[in-house]
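Descriptive analysis of the structure
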Amino acid sequence: MRHLIGLCLTCIAIAAVPDTGHSQQIGVVASVQPNMRGTPPGGGTSSKSTGSAVVADETITTSGSGRGQIMFRDRTTLTISPNSEIVLDEFIFNANADGKSGLSLTRGALRFIGGKNSRDQDATIRTPTAIIGVRGSSALITYENNQTRAILVAGDKLCLEALENGVNNCTNRQGGVMTENGYAGQVNQAELAQLIARLDGPPSAEARFQSLQNGGGGDDSDASGVRGAIDRGLAGGSGIASKIGPRSNPTSSRGALRDYTVFEDDVRDDAIAGLTSSQETPGFIEPDGIDDLSEPDMIVADDPFVELDTPVFDDPVMNDPIDPIDPIDPIDPIDPIDPVDPVDPVDPVDPVDPIDPGDPGGGGIVIEIEPL
Amino acid sequence: MISFRLQNFMPQLWALVALVLVLGPGAASAQSSLEAERDRVFEAMFQDPTNLDLMLEYARLSVELRDYEQVVSTLERVVDQEPNIVEARLELAIAYYALGAYEIAIYHFDIVRAVPNAPPEVVAEITQFTERAEDRVAPQSIEGFIEAGPAYGFVDGGAGIETGLGLTWRVSLPGATAHSWITDLRAQNLYFPDDDNETVTYFLLRTGPEFSLDGETYGAKLRPYLAVRSSVDFDLEDRSTAGAGLQYSNVFSPSWSGFAVVEGGALRRRDLGEDVDGSFVSGQLGASYFASRTTLLRLSFRGRQDSTDDDRTDQTTWGVRADLRHAFLSPFGNRSQQWLFSAYGLVNWQRFPSLTPVREDRIYGIGASLRANMRRDFYVEARADLLERDTDVVGAATKRQVVSLVLGKEF
């Protein structure tokens, strides 16, 4: 008896699957509003309902009020507007090898959101007047009045080849519009709103924040703002509000991010630390403990003649007799401002320099600080 | 006064470098596990395409994997199935925003904002999204910041003030390929009224086009530029440059990107009141690794050579620097506000070939900052920078330890 029941269930399951002409199932109808029809190769036309299989080379049509979404095995999602016809003539999914996403739009409008197949190679959408290549991308495409318009929604790039003259043009501008005549500028908000409303239907007038309707019922979140509203109204949602804020930079369809701060880091570091930007003068890096050197009453930089107070000579660092490059070491033989350097021809306080204005014989100790 | 030997922290610095190199494979393993889980959920969803729980689970896993295109496609189906749950459309708007599809994000944000029972704080946050989205699609935009706050130099300086200004003017060049002309202005000042030696002002003006080399949004970019830089510190050791440079950056994979910079030009140093002219050439080569959307690790190698006409201040610097940035949600108040923690460590080797004997220094630095973003684009940022010069020259070692707390506003 159990075998008989099992056989019957199998028969019912087989009967429930539409005739696909034995073609490869490449997708499934994810939503229909209110109707959509499909014609598999070699098969008859039938209504599509949510959950219906979609096979390779199948033709999908919508009426003036019908629209729907198809989810493909490679995770591409296609949204079809009313009054449209598409043929899934080059859609191949192979889990173990490169697949291919290709279809024809013979009339109407569609939204293409790429899946695995279009990450590393172009998805191809043909219209009677153009071939559109979409790489790592999502796009909105219309073919009406014998003209193709393709809008790059997101991703790496979108190219359109006009069949009439074979000219191929590409854009990588998000929101960029391509036609047979080339780049047509950025999409305007009104055109975009009209197109999305055709694909998705008008927004529901009954839409409300569920978190505020009858006390909500979703996640018991203590977050506020957008994230809190989503948590409570959509049982936590996808969590995207926790990751993305107004300051977030865009991410590619492969999840790639550009490091926008890479050329900015040196600015503050150079500002805060002359040490790291090599701006200390060699030979005149302030030794620890003699910071008072630059006190205005000790050395006045703008004045070439300054009096050197005797306390400096009491400084143990300054008087270090063995420091070879101590800037004012009194006995350093190569010190450029050594006051007693016997071989320095311009030493201002050289005791034997006849033109030295600070010659000790003139009274007091005056040292000219020669710029290094 | 705090006594601090940065050289003692070199193991930590190298650990940060190692972290950059080691975290990669670890994160890849976690990603593989998430991928397998998502494959399983997709198969279930393929069999039951209207199951809301499966859709949200698939979207959640896709968010973790930074696959926002799959988040968008799934949420489009959720909105189609549950048009009255406006929170789903709000998520869809954010997902489009994450992909850089700003016009469509604005479309959905506007619908959500018009819902009769939209909470005011949600409307305010949506307005932030839409304003920034409008800026990003505008033919030209100016972004920037202004900041100021108290600073303190521990070794030298004492109490002071840090101020900063940044402006970035971006003009989109016409045509199908997204090229732009970018002009940056940066000015930063650390002012210590009781210690002029520590006061420093840094200025940068840089302008040039940014070209998309391969015509792909996330592909290679090349930016030739002209730059004027000036560093003025009141201990008479100023450095100004005017030169030309070339920046290259490319995104190699979802996690890795690379960059390189070369710059060269004329140099003027003012040492103890006297100007010395010369030339400079500098370069930088590095890689950035996004361990997650919110965690960035970066390693760069840099070099610079200054040659002056009198040869006295010639110097060559080689360096390595590691950076860590991590963004996270505010633990207080509005949890949608992101905070940002940054840290860096660097080692520079500096050589003065004209001195006899040739002088060779090592410069060690570590720094960290914590930025708390607040409402209306205001932020508070606490910073600490510790730098130390180690040299063979007796008594010439220096330290600089500065902390600051600035209040800023982005625009």
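About the thresholds
Throughout, residues of each chain are indexed from 1 in the direction in which the sequence is written. Each chain gets a letter, beginning with A, and each ligand a number, beginning with 1, in the order they are written. Local features in a predicted model are, by the rule used here, given only for residues with pLDDT of at least 70; side-chain atom pairs are given and counted only at 80 or more, and totals for whole chains, interfaces and linings are based on all residues. Elements are defined by DSSP. Helices are runs of H or I of four residues or more, strands are runs of E of two residues or more, and each kind is numbered from the N terminus. A pair of residues counts as a contact when their C-beta atoms, built from backbone coordinates, are separated by no more than 7 Å. The burial criterion counts other C-beta atoms lying within 10 Å of a residue's C-beta, which is placed from the backbone; the residue is buried at 20 or more, exposed at 12 or fewer, and partly exposed between these limits. A helix is expected to span 1.5 Å for every residue after the first. Angular values range over 0 to 180 degrees, each being the angle between N-to-C directions of two axes fitted as lines to C-alpha atoms, with helices fitted over their stretch in contact. Reported orientations rely on four angle classes, namely roughly parallel under 35 degrees, roughly antiparallel over 145, roughly perpendicular from 65 to 115, and oblique for the rest. The crossing is said to be left-handed when, going from far helix to near helix, the turn is anticlockwise and less than a right angle, and right-handed when the turn is clockwise. Here the nonpolar group is Ala, Val, Leu, Ile, Met, Phe, Trp, Tyr, Cys and Pro; Asp, Glu, Lys and Arg are the charged ones; every other residue, Gly included, is treated as polar. Put simply, a nonpolar core is a cluster of buried Ala, Val, Leu, Ile, Met, Phe, Trp, Tyr and Cys residues tied together by C-beta atoms within 7 Å. For every residue, the predictor assigns a confidence score, pLDDT, that lies between 0 and 100. Two strands qualify as a pair provided DSSP detects at least 2 bridges between them.

Broken down by element type, chain B carries 6 helices and 14 strands. Expressed as lengths along the three principal axes of its C-alpha atoms, the size of chain B is roughly 80 × 45 × 40 Å. Sequence separation of at least 24 residues holds for 50% of the intrachain contacts in chain B that already meet a minimum separation of 6.

For chain A, the helix and strand inventory stands at 6 helices and 19 strands. Burial analysis of chain A (372 residues in total) assigns 49% to the buried set.

The next thing to look at is the environment of serine 252 of chain A. Tracing the chain through its elements places serine 252 of chain A in the loop between helix 4 (240-243) and helix 5 (265-272). Owing to 25 C-beta atoms within 10 Å, serine 252 of chain A belongs among the buried residues under this scheme. Placed 103 residues apart in sequence, serine 252 of chain A and arginine 149 of chain A show a C-alpha to C-alpha distance of 23 Å. The contact partners of serine 252 of chain A, leaving out residues within four places of it in the chain, are Gly136, Gly155 and Asp156 of chain A together with Thr217 and Tyr218 of chain B.

A word on helix 3 (residues 68-81) of chain B. In a regular helix each residue adds 1.5 Å, so 14 residues correspond to 20 Å; helix 3 of chain B covers 20 Å between its end C-alpha atoms and thus fits that length. Along helix 3 of chain B, 13 of the 14 residues are buried, which leaves the element largely enclosed by surrounding structure.

Relative to each other, helix 2 (residues 189-200) of chain A and helix 5 (residues 102-113) of chain B sit at 70°, their axes nearing to 10 Å. As far as their axial angle goes, helix 5 of chain B and helix 2 of chain A are roughly perpendicular. Crossing of helix 2 of chain A over helix 5 of chain B shows right-handed handedness. In contact with Gln189, Leu192, Ala193 and Ile196 of chain A of helix 2 of chain A, helix 5 of chain B contributes Glu103, Ile104, Ile106 and Tyr107 of chain B. Looking at the contact of helix 2 of chain A with helix 5 of chain B, its residues break down into 6 nonpolar, 1 polar and 1 charged.

To continue, consider the nonpolar core. A general trend in soluble globular proteins is that nonpolar side chains are found buried together. Ala139 and Ile141 of chain A together with Ala95, Tyr96, Tyr97 and Ala105 of chain B are the most contacted members of the largest nonpolar core, which totals 99 residues. With 11 residues, the single largest contributor to this core is helix 4 (residues 86-99) of chain B. Setting aside its immediate chain neighbours within four residues, tyrosine 97 of chain B contacts Ile244 of chain A together with Tyr102, Ala105, Phe129 and Ala133 of chain B.

Our focus in this paragraph is the packing of helix 2 (residues 52-64) of chain B against helix 3 of chain B. Geometry of a packed helix pair, given as the angle between the helix axes and the separation of the axes. Residues and elements named next belong to chain B. Two elements in contact, helix 2 and helix 3, have axes separated by 9 Å at closest approach and are oriented at 155°. When the interaxial angle is binned, helix 2 and helix 3 end up roughly antiparallel. Crossing hand, helix 2 versus helix 3: left-handed. Where helix 2 abuts helix 3, its residues Leu52, Met55, Tyr58, Ala59, Ser62 and Val63 lie against Gln70, Val71, Thr74, Leu75, Arg77, Val78 and Gln81. Considering only residue class, the contact of helix 2 with helix 3 consists of 8 nonpolar, 4 polar and 1 charged.

Another point: helix 3 (residues 225-233) of chain A. Along helix 3 of chain A, 9 of the 9 residues are buried, which leaves the element largely enclosed by surrounding structure. For helix 3 of chain A, the complete set of buried residues consists of Gly225, Val226, Arg227, Gly228, Ala229, Ile230, Asp231, Arg232 and Gly233 of chain A. Those residues of helix 3 of chain A that are buried lie in contact with helix 4 of chain A together with helix 4 and helix 6 (120-137) of chain B.

As a further point, take unusual backbone geometry. Peptide bonds are, in most cases, trans, and in most cases residues other than glycine have a negative phi. In this model, glutamine 33 of chain A is joined to proline 34 of chain A through a cis peptide bond whose omega is -20°. Here proline 34 of chain A lies in the loop between strand 1 (25-33) and strand 2 (36-39). Unlike most non-glycine residues, asparagine 146 of chain A shows phi in positive territory, near 65°. Located in the positive-phi region is arginine 66 of chain B, a residue other than glycine, with phi close to 60°. Examined against the element boundaries, arginine 66 of chain B turns out to sit in the loop between helix 2 and helix 3. Residue class for arginine 66 of chain B comes out buried when judged on the 23 C-beta atoms lying within 10 Å of it.

Okay, the environment of phenylalanine 203 of chain B next. All names here are of chain B. Residue position: phenylalanine 203 is located in strand 4 (residues 200-212). Each C-alpha atom, one on phenylalanine 203 and one on glycine 164, is 9.9 Å from the other, the two residues being 39 residues apart in sequence. In contact with phenylalanine 203, not counting residues within four places along its chain, are Ala187, Arg229 and Ser230.

Note: predicted coordinates in regions of low pLDDT should not be interpreted at a detailed level. Of the residues in chain B, 91% reach a pLDDT of 70 or more, and the chain-wide mean stands at 87. Overall fold confidence (pTM) sits at 0.77, and the ipTM for the predicted complex is 0.83.

Residue and element names in this part refer to chain A. With 60% of its residues at a pLDDT of 70 or more, chain A shows a mean pLDDT of 70. Low pLDDT, under 50, characterises residues 7-21; the predicted model gives this stretch 16 contacts beyond four residues in sequence or across chains. Here residues 275-372 is modelled with pLDDT under 50, and outside its nearest four sequence neighbours on either side it reaches 160 contacts, counting other chains as well.

It is worth spelling out the pairing of strand 4 of chain B at this point. Residue and element names in this part refer to chain B. Bridging between strand 3 (residues 180-191) and strand 4 involves 11 bridges; their strand directions are antiparallel. Residue pairing across strands places aspartate 184 opposite arginine 206, the latter belonging to strand 4. Bridge count for strand 4 against strand 5 (residues 221-233) is 10 bridges, and the pairing is antiparallel. Each residue of the ladder has a partner; that of threonine 201, found in strand 5, is valine 232.

Residues and elements named next belong to chain B. Direction of pairing for strand 12 (residues 359-373) relative to strand 13 (residues 378-391): antiparallel, over a ladder of 13 bridges. Across the sheet, the residue bridging to alanine 372 is valine 380, located in strand 13. Where strand 12 folds back on strand 13, the antiparallel hairpin that results is connected by 4 residues, among which arginine 376 adopts a positive phi of roughly 55°. By the bridge criterion, 12 bridges tie strand 13 to strand 14 (residues 398-410) in an arrangement that is antiparallel.

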